[in-house]
There are 2 protein chains.
Amino acid sequence: MTDMTLPGEALAGTERARRGGRAGKRAGGAAAFEQPAFRQLKIPFAPTKIVSDDELESIHLASLRVLEEIGVDVLHEGARRIMKEHGADVQAGTERVRFDPDMVLELVGHAPSQFTLHARNPAHNVVFGGDNLIISMMASAPNCSDIDRGRRPGNQEDYRSFLKLAQMHNIINITGGYPVEPIDIHPSIRHLECVRDLAVLTDKVFHIYSLGMERNVDGIEIARLARGISREQLLAEPSVFTIINTNSPLKLDIPMMEGIIQMASAGQVVVVTPFTLSGAMAPVTIAGALVQQNAEALSGIAFAQMVRKGAPVAYGGFTSNVDMKSGAPAFGTPEYMKAQLVGGQLARRYALPYRTSNTCAANTVDAQAAYESVFSLWGAIQGGGNMMMHAAGWLEGGLRCSFEKTILDIDLLQMVGEFLTPLDLSEDALAVDAIRDVGPGGHFFGTPHTQNRYKTAFYSPVLSDWRNFESWSEAGSPTAIEKANRVWKERLASYEPPAMDPAIREELDGFVNRRIAEGGAPTDF
Amino acid sequence: MTDMTLPGEALAGTERARRGGRAGKRAGGAAAFEQPAFRQLKIPFAPTKIVSDDELESIHLASLRVLEEIGVDVLHEGARRIMKEHGADVQAGTERVRFDPDMVLELVGHAPSQFTLHARNPAHNVVFGGDNLIISMMASAPNCSDIDRGRRPGNQEDYRSFLKLAQMHNIINITGGYPVEPIDIHPSIRHLECVRDLAVLTDKVFHIYSLGMERNVDGIEIARLARGISREQLLAEPSVFTIINTNSPLKLDIPMMEGIIQMASAGQVVVVTPFTLSGAMAPVTIAGALVQQNAEALSGIAFAQMVRKGAPVAYGGFTSNVDMKSGAPAFGTPEYMKAQLVGGQLARRYALPYRTSNTCAANTVDAQAAYESVFSLWGAIQGGGNMMMHAAGWLEGGLRCSFEKTILDIDLLQMVGEFLTPLDLSEDALAVDAIRDVGPGGHFFGTPHTQNRYKTAFYSPVLSDWRNFESWSEAGSPTAIEKANRVWKERLASYEPPAMDPAIREELDGFVNRRIAEGGAPTDF
């Protein structure tokens, strides 16, 4: 495993950065509200191991048996040819491909364990892998909602509003895919409009969908133009990423293989995330679902390394369970937490960056939405996740991005950020003298030790209502969702676009407008 | 450190026990609903260390400096005499007592690292310490609420209802103090009525308050009578526990020292839990609050060992922060989580059982209540907590026990229970053959591997609504609190008291009625 991180690139979390202030506001664009500064979090403790090394090995070996004895169906003829060239067992007249375990492990060994994702604003570069955490906005919801206008299919205005919220909030390190699918834009040119918005309305790293070669090529080009760099520099600097969800069980379709080919060839990031729902597309046992997840992830990652040795990739974990009564997918469950933890152990076994999510199955921003999300965060953080997709906004099993949930999640993520910030254990923080000065029976309010620190001592939450019952009742007994509704509207109204060189903007628009005029991409996927 | 656990006493979590069924129902009394069987959870992974061993040592050493240089005010004259006899620095004419570090550590070293708490129903015995987790009902709320009748001061009927819910739910291993204070019972006899209820309406281990010698003595006697054992056996078998909240900063009052004397003398459990709110009764730095917590906890634990070497004790962590704008206590915050983790590191440094809590500051069972509680659970579980107080029902910073929150917490705790249950990694669970049978592009619904397991494969939540949006909307868009309201009423209606030998009941009533006739205990505390 190699380390592609340039020294000094990781943004250290300083006390000042953590607590917000002017630097924080500027980094986030021009946000008119208090928030912690942009920084990349690190997980400062050893991830939790819930299976022993021997048990992990049994999952690893079972997944290699799956790849060797059962194999995967690869629908892309060119991909099968590449696989055959690299020694995979490919038979004429069948899509089934089987892999020798040693070959798979040798290929996976070429993947970097850590690399930098380059944003058009270098202050928003992030390191993927190691003990670093990248937090991403929700992606790919067909619907969105707020409590004023209810639930509705996605449209361009809502799409842009979510991008603006992602840009404004420093805890969101990158945008993911489309927070909501804008179905009012024709599918042939949707990727052009949407990726231009990602490149213009935000200055953070973004994702492009692997839905046909043209969309990958266009997305990579827009990322290059937005950064104003050459193709050679782009090849050396991962700047955009794609999520490849295998068709579980054990199927790799044409667009996803094409996506791996295009992205890996261009030195861009491929995150292979099997969608292994235990009891539906994967075995009803979590262990079995993890075996399948691991087999599918390794097959995609090995293929990316066939395309280009050293291509930046990541191991995605998304194993959850279904409600066996209805078949409905469940999220933020205890089974999901365990799968997140073991997924991290597997990714680290291969020294690969690890992708997780912040999910729930709730239909509204109630207690269920909160507990399923915090259980997800618990699994993702203790599992040592390096990139948290869907971190803000996710509701209804991913079928909806909610404006209120976006604010709730931002608050939860900022709390996680504070939790991950190491304690100050300096002599002054240990406070023996302050304890002496106050003495038995005294009080620390108003002491110099408190006065010097109280403004920045603790995380100040966005939503938590800490008023006493009487004051809270007099205020109309508001719940968290009502406050979130007020907050997203206030904040969105203060959005200002990040600066962009007019020459770059012109070149970008020239490209996008030309491609739109050409008709965009085929829509027969 | 010694290990007082008798071999084989820990209740192992078997697959059958975990998934409920008839055994589960019987163990819980006569519950008419599905739930996991009574079992004691174990934390199957290494607790999370957020400070290094060196950093931990700096907290430890600073707290010893506090005890040596500053000392604590001990208001109980007899306690000061005992401390002086054991070598503490006690000066005539002052309440201040200072402790030599070596003396403190030598005394703390006599405390057992693990022991069994004996319930009147031996099936409900629990082990305190090691990797074992004991889950307790909420305690000490002045108010209670449900969404039908709103918020109200505690009364005997509500008090009994909470005890019944604690008895019926297997995830609740023990009752804590009074879930709500029944102010309709005169304070002089309240402890007699309440502890009798604890001993009769439940058959689990309970807590008694240290509010004057008579209350400790009466509570210990009721526990002995309920178990039908001799004083000698009680001395060898911890059966009841008390929480000692120091008067932070650095003050030990008369009732709490009397409580330690009575409980430790009788071989019963003392949990010393400083109430160190960072920014109010403790330094505004979490490190400083932990130094103070540790000094206060060690002073109480050392005193218990002066009273009786080997007395069962525990280290309680309750450090949280206040809202620096209003002074209101906050719970379930990132600072609280960090304090829980370091508290666990400290308790393990002294090889002491560790007590945590499940808290929140929310005024209603909304998203805030859920996220603050799950953050609390995260800190408590990853911190290696051995006894979780206030685990079900806590709302409003401890000022209220809520019937709906009780059900929400029970669901959260059952999810934690499932999370802590080790994965099945047998050959059959790894499911290579099932994956082969289904093959690429297939589906696992209806396969024999799924059919044989689907009923018990996953935790079935009490509150989570996993219906799709359309079905959920048609059902009136219910939120989690509404379902919780229905559930607690249905379940409470099915309560049946646990069996008690009529001779024991007669003796118990004889004692309690005699003590009530005598007037109970003084109320001038």
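Relevant structure appears above.
Throughout, a residue's number is its position along its own chain's written sequence, starting from 1. To label them, take the chains in the order written and letter them from A, then take the ligands in the order written and number them from 1. Thresholds applied to this predicted model are a pLDDT of at least 70 for local features of residues and 80 or more for the giving and counting of side-chain atom pairs; totals over whole chains, interfaces and linings are not thresholded and use all residues. Just so you know, side-chain values use all the structure's heavy atoms and leave hydrogens and water out.

Student: I would appreciate a short explanation of the relation of the copies chain B and chain A in the present structure.
Tutor: A rotation about some axis, followed by a shift along it, carries one copy of the chain onto the other. Superposing the copies works by least squares over the C-alpha atoms of residues that have pLDDT at least 70 in both of them. Rotating chain B by 180° and moving it 0.0 Å along the rotation axis overlays it on chain A with an RMSD of 0.0 Å. Within this description, the copies of the chain are treated as partners about a two-fold rotation axis. For chain B, the smallest separation between a C-alpha atom and the rotation axis is recorded for B:Ala367, amounting to 2.1 Å. With an isologous cut-off of 70% or more, the 100% of interface residues of chain B that recur at the interface of chain A puts this contact in the isologous class. It only takes one pair of heavy atoms within 4.5 Å for two residues to be counted as in contact.

Student: Is there a simple way to explain the interface of chain B and chain A in this structure?
Tutor: The accessible area lost on association of the parts is a frequent measure of interface size. Counting residues at the interface gives 112 residues for chain B and 112 residues for chain A. Buried area is understood as the total, over both parts, of accessible area removed when two parts are fitted together, assessed with a 1.4 Å probe. On the chain B side of the interface with chain A, the three residues burying the most area are B:Trp378, B:Phe458 and B:Trp466, jointly 9% of the side's total. Throughout this description, the term salt bridge denotes a Lys or Arg side-chain nitrogen within 4 Å of a carboxyl oxygen of Asp or Glu. At the junction of chain B and chain A, the tally comes to eight salt bridges. Throughout this description, a polar contact denotes any pair of N or O atoms lying within 3.5 Å of each other; where both atoms belong to protein, one of them has to be capable of donating a hydrogen while the other can accept it, and for residues adjacent in sequence the pair is counted only when both atoms sit in side chains. Inspection of the chain B/chain A interface yields 36 residue pairs in polar contact (both at pLDDT 80 or more). Here a strand is any run of E in DSSP of at least two residues, a helix any run of H or I of at least four, and the numbering for each starts at the N terminus. Looking at the side of chain B that touches chain A, the element that brings in the most residues is helix H13 (residues 367-382) of chain B, giving 11 residues. Under the grouping applied here, Gly and all other residues not named as nonpolar or charged are polar, the nonpolar ones being Ala, Val, Leu, Ile, Met, Phe, Trp, Tyr, Cys and Pro and the charged ones Asp, Glu, Lys and Arg. Among the residues making up the side of chain B that touches chain A, the classes are represented as 61 nonpolar, 26 polar and 25 charged.

Student: Got a minute to help me understand the pairing of strand S8 (residues 143-146) of chain A in this structure?
Tutor: Strand residues, when the strand is regular, have side chains that alternate between the two faces of the sheet. Residue and element names in this part refer to chain A. Covered by surrounding structure in S8 are Asn143 and Ser145 together with Cys144 and Asp146, the residues of both alternating faces. Examined bridge by bridge, S8 and strand S9 (residues 150-153) share four bridges and lie antiparallel to one another. Directly across from Ser145, in S9, lies its bridge partner Arg151. Count of turn residues in the S8/S9 antiparallel hairpin: three residues. Any residue under 20% of the maximum accessible area for its type is buried, any over 50% is exposed, and the rest in between are partly exposed; the area is computed with a 1.4 Å probe on protein chains only. By the convention used here, strands pair only if DSSP detects at least 2 bridges between them.

Student: So what exactly am I meant to see when it comes to the state of the cysteines here?
Tutor: Residue and element names in this part refer to chain A. Any pair of cysteine sulfurs within 2.5 Å is marked as a disulfide. Taken as a whole, this structure holds zero disulfides over all chains when the rule is applied. Free of any disulfide, Cys401 has its nearest cysteine sulfur in Cys144, 7.5 Å distant. You can call Cys401 buried: its relative accessible area is 0%.

Student: Explanation requested: the pattern of salt bridges in the structure shown.
Tutor: For the structure on display, the rule yields 64 salt bridges over all chains. The partner of A:Asp197 in a salt bridge is A:Arg160, with the nearest N and O atoms 2.8 Å apart. Taken together, the residues span a long stretch of sequence, with A:Asp197 in helix H7 (residues 187-201) and A:Arg160 in helix H6 (residues 156-168) at a distance of 37 residues. With a relative accessible area of 6%, A:Asp197 lands in the buried category. Since its relative accessible area comes to 29%, A:Arg160 is described here as partly exposed. Between A:Arg453 and A:Asp428 there is a salt bridge whose closest N-O contact spans 2.4 Å. Remark: A:Asp428 occurs in helix H15 (residues 427-430) and A:Arg453 occurs in the loop between helix H17 (448-451) and helix H18 (469-474); sequence separation between them is 25 residues. A relative accessible area of 18% means that A:Arg453 is categorised as buried. Through salt bridges with shared partners, a single network forms among A:Arg65, A:Glu69, B:Glu427, B:Asp433 and B:Arg436.

Student: Sorry, what's going on with the packing of helix H7 (residues 187-201) of chain B against helix H20 (residues 502-517) of chain B here?
Tutor: Each pair of packed helices can be summarised by the angle the axes make with each other and by the distance between the axes. All names here are of chain B. Under this scheme, a helix contributes an axis fitted over its contacting stretch, all axes are lines through C-alpha atoms, and angles between N-to-C directions fall in the 0 to 180 degree range. Relative orientation of the contacting elements H7 and H20 amounts to 170°, with a least axis distance of 9 Å. Considering their axes alone, H7 and H20 lie roughly antiparallel with respect to each other. The residues of H20 that touch H7, namely those facing Ile189, Leu192, Glu193, Arg196, Ala199 and Val200, are Arg505, Leu508, Asp509, Val512, Asn513, Arg515 and Ile516. Per-class residue counts for the contact of H7 with H20 are seven nonpolar, one polar and five charged. Comment on the angle field: the value is read as roughly parallel under 35 degrees, roughly antiparallel over 145, roughly perpendicular from 65 to 115, and oblique elsewhere.

Student: Can you help me understand H6(A) in this one?
Tutor: Every α-helix winds through 3.6 residues per turn, so residues three or four apart in the chain are directed the same way. Residue and element names in this part refer to chain A. In a regular helix each residue adds 1.5 Å, so 13 residues correspond to 18 Å; H6 covers 18 Å between its end C-alpha atoms and thus fits that length. Those residues of H6 that fall on the buried side of the exposure criterion are Asp158, Tyr159, Ser161, Phe162, Leu163, Leu165, Ala166, Gln167 and Met168. By the N-cap criterion, in which a side-chain oxygen at the helix start approaches the backbone nitrogen of a residue two or three places on, H6 is capped by Asn155, the distance to Glu157 being 3.0 Å. How far a helix is expected to stretch is found by multiplying one less than its residue total by 1.5 Å.

Student: Explanation requested: the side chain of A:Glu296 in the structure shown.
Tutor: Residues and elements named next belong to chain A. Note on placement: Glu296 falls in helix H11 (residues 286-307). One buried charge, Glu296, has no salt-bridge partner; the nearest side chain with opposite charge is Lys251, at 11 Å. Each residue touching Glu296, except ones within four places of it in the same chain, is listed here: Thr246, Ser248, Pro249, Leu250, Val272, Pro274 and Thr276. For the purpose of counting charges, residues Lys and Arg are taken to be positive, whereas Asp and Glu are taken to be negative. His and the chain ends are not included.

Student: Before we go on, may I ask you to explain the nonpolar core in this structure?
Tutor: Most often, soluble globular proteins have nonpolar side chains that are buried together. Nonpolar cores were defined as sets of buried Ala, Val, Leu, Ile, Met, Phe, Trp, Tyr and Cys residues, with membership established by side-chain atoms within 4.5 Å. Among the nonpolar cores identified, the biggest contains 360 residues, and A:Met83, A:Phe99, A:Trp378, B:Met83, B:Phe99 and B:Trp378 are the most heavily contacted of them. In this structure, A:Phe99 is in contact with A:Leu67, A:Glu68, A:Val72, A:Met83, A:Ala88, A:Val104, A:Ser299 and A:Met306, ignoring residues within four places of it in sequence.

Function cannot be read off these values alone, since they describe shape.
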